Amino acid sequence: MDNSPPPPSALNNFRILYLVTQLVGITIIILVSCWIGIHLDGLAWSSKPSVQFNWHPLLMSVGMIFLYGNSILVYRGFRYARKKPLKLTHATVHGAAFVFTVVALVAVFDSHNLAQPRPIPNMYTLHSWVGLGAVLLFSLQYVFGFAAYLFPGVREQLRASYMPVHVFFGVAGFVLAIAAALLGLLEKAIFSVPNYSALPPQAILINTLGLLYIVYGGLVVFLVTERQYKRHPLPEDVMLLTHSASVGST
């Protein structure tokens, strides 16, 4: 295996693409906020169930899209930081994404169950099924990742053997979240936008958001799978790993 560090040109390309990825993610959050504020009557909680729903696309965009993508990129985006702080940062960002996701789910279920004159059925659309799959995979990743990499006493060989599985399902869950977001946008557009086929301003905004979700997802997946952009261990990481192995063998 080639453990040589990437050439400077590759790191320069990474920095540019990483910055573009962040700008696209921030743009998504801004546009979702504009969509809610301009076209969907803003934000409220259970006193206005139809408006309470609006927390769902906003918090899911922050949690399952922007923060999830950034938790995946932590090791490559901060490649010169030590391994242990990166582990804690990865877990913290992942945990924040989980909190946003839980509140988003409460909002959407409340908005359905409290709707007048009758409740709206839950979990019957493809968006809800794909979204639930993404959330479950995301949650399992968090639990197993915490147990493998932050729980003391786990053997380094076990951590190393689990790493490809952790990476694969982390990326798979993120791709599933992007797919759920696209399905959710389409569902909202079809149900809520009058004369969608004529492309009124709200429809253009929704379609633009969908394209940005795809761009953001594609950039995150590319940055985390391109071998040239892989973080290589620092000398301190190697010393820590060697010390851990020696302690575990005594």
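Residues numbered from 1 in each chain as written. Predicted model: local features only at pLDDT ≥ 70, side-chain atom pairs only at ≥ 80, totals over all residues. Heavy atoms only, no water.

(A) Structural context of the UniProt feature "transmembrane region" (unreviewed entry) in the protein chain. As annotated in UniProt, the feature "transmembrane region" (unreviewed entry) corresponds to residues 16-38, 58-78, 90-109, 129-151, 163-183 and 203-224 in the numbering used here. The annotated region residues 16-38 carries 100% helix and 0% strand content, and the separation between its end C-alpha atoms amounts to 32 Å. Helix makes up 91% of residues 129-151 and strand 0%, and the two end C-alpha atoms of the span are 32 Å apart. (UniProt positions renumbered as here; feature names shortened; annotations may be inferred. Helix = DSSP H or I, 4+ residues; strand = E, 2+ residues; numbered from the N terminus.)

(B) The arrangement of the UniProt feature "domain: Cytochrome b561" (unreviewed entry) in the protein chain in detail. As recorded in UniProt, the feature "domain: Cytochrome b561" (unreviewed entry) lies at residues 20-225. Structurally, residues 20-225 comprises 80% helix and 0% strand, and the distance from its first C-alpha atom to its last is 17 Å.

(C) How the structure looks around a nonpolar patch on the surface. On the surface, a nonpolar cluster with roughly 460 Å² of combined accessible area is contributed by Trp45, Phe98, Val99, Val102, Val103 and Val106. Its place among the elements puts Val102 in helix H4 (residues 83-113). (Patch = residues over 30% accessible without salt bridge, like charges linked within 9 Å, V, L, I, M, F, W, Y side chains within 5 Å. Areas by Shrake-Rupley, 256 points an atom, 1.4 Å probe, with all protein chains shown as cover. Salt bridge = Lys/Arg side-chain N within 4 Å of Asp/Glu carboxyl O.)

(D) Looking closely at the packing of H4 against helix H5 (residues 126-149). Between H4 and H5, the least distance of the axes is 11 Å, while the angle of their chain directions is 150 degrees. Our classification of the angle between H4 and H5 gives roughly antiparallel. Handedness of the H4/H5 crossing: left-handed. Taken together, the residues of H5 that come into contact with H4 (itself represented by Lys87, Ala91, His94, Gly95, Ala97, Phe98, Thr101 and Leu105) are Val135, Phe138, Ser139, Gln141, Tyr142 and Tyr149. Of the residues in the contact of H4 with H5, the class split is eight nonpolar, five polar and one charged. (Axes fitted to C-alpha atoms, helices over the stretch in contact; angles between N-to-C directions. Parallel < 35°, antiparallel > 145°, perpendicular 65-115°, else oblique. Left-handed = near helix turned anticlockwise from the far one by under 90°. Contact = heavy atoms within 4.5 Å. Nonpolar A, V, L, I, M, F, W, Y, C, P; charged D, E, K, R; others polar.)

(E) How the structure looks around the nonpolar core. Core analysis: the largest hydrophobic core is formed by 46 residues, its most contacted members being Ile28, Met64 and Tyr216. Broken down by secondary-structure element, the contributors of at least two residues to this core are helix H1 (8-39), helix H3 (55-77), H4, H5, helix H6 (156-192) and helix H7 (201-225). (Core = buried A, V, L, I, M, F, W, Y, C linked by side-chain atoms within 4.5 Å. Buried < 20%, exposed > 50% of the residue type's maximum accessible area, 1.4 Å probe, protein only.)

(F) Molecular detail of the packing of aromatic side chains. Applying the stated rule across the entire model yields ten aromatic pairs. A ring pair is formed by Phe14 and Tyr18, whose centres lie 5.7 Å apart and whose planes are at 25 degrees; its orientation type is stacked. In this pair, Phe14 and Tyr18 both sit in helix H1, four residues apart, roughly one turn of the helix. For the pair Phe14 and Tyr18, a shared accessibility class is recorded, and that class is buried. Aromatic pair Phe174 and Tyr216: ring centres 6.2 Å apart, planes at 65 degrees, arrangement edge-to-face. In this pair, Phe174 sits in helix H6 while Tyr216 sits in helix H7, placing the two residues 42 residues apart along the sequence. Through a chain of ring-to-ring contacts, the aromatic side chains of Phe66, Tyr68, Phe138, Phe174 and Tyr216 assemble into a single cluster. We note Arg79 situated over the ring of Phe14; from NZ or CZ to the ring centre the distance is 5.0 Å. (Phe/Tyr/Trp six-rings, centres within 6.5 Å; stacked < 30°, edge-to-face > 60°. Lys NZ or Arg CZ within 6 Å of the ring centre and 35° of its normal.)

(G) Broad picture of the layout of surface pockets. Size it by volume and the second largest pocket reaches roughly 920 Å³. The wall of the second largest pocket is formed by 38 residues, among which Phe53, His56, Val108, His127 and Glu187 lie closest to the centre. When residues of the lining of the second largest pocket are traced back to their parent elements, those giving at least two are helix H2 (49-52), H3, H4, H5 and H6. In terms of residue count, H6 provides more of the lining of the second largest pocket than any other element does, nine residues in total. Per-class residue counts for the lining of the second largest pocket are 24 nonpolar, twelve polar and two charged. (1 Å grid on protein atoms, 1.4 Å probe; cavity = no way out; pocket = protein on both sides within 12 Å on 5 of 7 lines; lining within 4 Å. Points joined across faces, edges and corners; volume = space filled by probe spheres on them.)

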